[in-house]
Amino acid sequence: MNEISVVIVTKSKDLPPMRCEKFFHSETLFRMIENTPGQRPCMAVAYDGDRIVGHLLVMLRRRGSLIPPYLFTQARAYGEGEYEQGCDKEEIFGHMLRHMLKKLRRDLCLYIEFSDLTTKMFGYGKFRENGFFPVHWMEIHNSLHSMAPAKRLTYRMRRNIVKAKRAGLETAVAETEKEYNDFFKIIKNYLTFKIRRYIPDRRLFHELKDNGCCKLFITKADGKIISGCLCVYSDGNCYLWYMAGKRKMHRKRVNALTVWAAMQDAYVNHYRHAYFMDVGLPFKRNRFREFILGFGGKPVGTYRWFRCSFKWINNLLSWFYRE
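Residues numbered from 1 in each chain as written. Predicted model: local features only at pLDDT ≥ 70, side-chain atom pairs only at ≥ 80, totals over all residues. Heavy atoms only, no water.

Turning to its location among the elements, M121 is positioned in the loop between β6 (111-115) and α3 (124-129). Judged by relative accessible area, which is 45%, M121 ranks as partly exposed. Distance in space between the C-alpha atoms of M121 and R51 is 27 Å, their sequence separation being 70 residues. Residues contacting M121, with those up to four places away along its chain left out, are E90 and Y303. (Helix = DSSP H or I, 4+ residues; strand = E, 2+ residues; numbered from the N terminus. Buried < 20%, exposed > 50% of the residue type's maximum accessible area, 1.4 Å probe, protein only. Contact = heavy atoms within 4.5 Å.)

Written out as structure tokens, the structure is:
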């Protein structure tokens, strides 16, 4: 392997031809983020001579509020990127991470977050070298290829699904812009009071729909949407990205029926796994995690990596989350 060179691309017109199999690091998502207000894409492309050996997509999100007043930019990456076979992934990742940090510093990015890495220890040394600190996180993976999802349901989850159906609730795949807009309103109300909230512009959901990159499963009562679950598909797997239900409804039953429809669809279409992308911190008691585990998935302890641009804050958080 020759010396690795890295180019940072921020405009879709400058993207080189690449092999993209992972949705969260694809040219398709790059273009969608580029067209979404409040977000900007940033792609690191690694070269070994003239050959592309890896690329990593980071999303820059502009966040702000009037109460309390704040405005900052956050960077988010799902996974460690995509690489050519036979390459030293961690070495290439280290080069791309270093160049990406230089770019983000110039853009006055407040903090950076990496999640959904393929293995817990991937890039551990590279993250540490670049000032990141790990936070223990919980993920849940449901295997769809070894056993039918119905056989993995807990008694309580099965009961919630049956009661939801008896109540006359119906679940279907959203098809119209109005249905996507109604889901956006639900998720906006659901996330507004969450501590780690991020509400993307509704344009992102329409971009996902128009590009055929997702399925939005919606549950209705009396003709009105009361719950939704948005899934994207990548590399033979299903990723449950956003999920929300109306607060006034019996959310456990409603959301159970919605997620169950998404998992059945993934199973019928021969996806290998279903990944719940944000189950949260590994507290002893976590109602959302317990709800998701009702579908028979496997809890997996992992790391999320963070880095704050203010050195004293980063040092303080590194000490607080020390292992």
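What follows deals with the packing of aromatic side chains. The relation between two aromatic rings is expressed through the spacing of the ring centres and the mutual angle of the planes. Counted according to the given criterion, the structure contains 29 aromatic pairs. A ring pair is formed by F127 and F132, whose centres lie 5.2 Å apart and whose planes are at 70°; its orientation type is edge-to-face. Assigned by exposure class, F127 and F132 land together as buried. Ring geometry for F276 versus F295: centroids 6.4 Å apart, planes at 25°, classification stacked. (Phe/Tyr/Trp six-rings, centres within 6.5 Å; stacked < 30°, edge-to-face > 60°.)

What tends to happen in soluble globular proteins is that the nonpolar side chains get buried as a cluster. One finds F23, F24, L208, L230, V232 and W241 to be the most contacted residues of the largest nonpolar core, which totals 39 residues. Excluding its chain neighbours within four sequence positions, the residues that come into contact with L208 are F23, M32, C213, C214, L230, V232 and W241. One finds L144, M157, C231 and F276 within the second-largest nonpolar core, a separate group that totals 31 residues. (Core = buried A, V, L, I, M, F, W, Y, C linked by side-chain atoms within 4.5 Å.)

It is worth spelling out the pairing of strand β13 (residues 298-308) at this point. The pairing of β6 with β13 spans four bridges and is classified as antiparallel. Residue pairing in the sheet places Y111 in a bridge with C308 of β13. The pairing of strand β7 (residues 133-143) with β13 spans nine bridges and is classified as antiparallel. Following the sheet pairing, W137 is matched in β13 by T302. (Pairing = 2+ DSSP bridges.)

Before going further, it helps to examine a nonpolar patch on the surface. A contiguous nonpolar patch, built from F310, W312, L316, L317, W319, F320 and Y321 and spanning about 800 Å² of accessible area, is present on the exposed surface. Assignment of secondary structure puts Y321 in the segment after α9 (311-320). Y321 gets classed as partly exposed once you look at its relative accessible area, which sits at 32%. (Patch = residues over 30% accessible without salt bridge, like charges linked within 9 Å, V, L, I, M, F, W, Y side chains within 5 Å. Areas by Shrake-Rupley, 256 points an atom, 1.4 Å probe, with all protein chains shown as cover. Salt bridge = Lys/Arg side-chain N within 4 Å of Asp/Glu carboxyl O.)

Here we come to a positive patch on the surface. Together, R156, R159, K163, R166, K252 and R287 line one region of the surface with positive charge. Among the elements that line the positive patch, the one with the most residues is helix α4 (residues 155-166), at four residues. For K163, the position within the fold is in helix α4. K163 gets classed as partly exposed once you look at its relative accessible area, which sits at 33%. (Lys, Arg positive; Asp, Glu negative; His and termini not counted. Charge placed at Lys NZ, Arg CZ, Asp CG, Glu CD.)

A few words on helix α1 (residues 27-34). Turning to α1, its buried residues number three or more, namely L29, F30, M32 and I33. Here the buried residues of α1 occupy an arc of 165° about the axis, which is enough to place them on one side. (Arc of directions from axis to C-beta.)

Another point: the pattern of salt bridges. Considering all chains together, one arrives at 15 salt bridges under this definition. Among the charged side chains, a salt-bridge network with shared partners connects R19, E21, E82 and E84.

What follows deals with the side chain of Q39. Within the secondary structure layout, Q39 lies in strand β2 (residues 39-48). Accessibility expressed as a relative area gives 6% for Q39, which makes it buried. With residues up to four places along the chain from it excluded, the contact list for Q39 reads I33, M59, L60, R61, Y198, P200 and L204.

Along helix α6 (residues 202-210), the residues that are buried comprise L204, F205, H206, E207 and L208. One side-chain oxygen at the N-terminal end of α6 lies 2.8 Å from the backbone nitrogen of R203; it belongs to D201. Phi turns positive, to about 65°, at G212, one or two residues after α6. (Polar contact = N/O pair within 3.5 Å; in protein donor to acceptor, adjacent residues only side chain to side chain.)

For the rest of this paragraph, the subject is unusual backbone geometry. Trans is the prevailing form of peptide bonds, just as negative phi is the prevailing case for residues other than glycine. With a phi close to 55°, D222 is a non-glycine residue in the positive phi region. Of the residues examined, D222 reaches a relative accessible area of 83% and is grouped as exposed. With a phi angle near 65°, H270 is a residue other than glycine that sits in the positive phi range. With respect to the helices and strands, the residue H270 is situated in the loop between α7 (251-268) and β12 (273-280).

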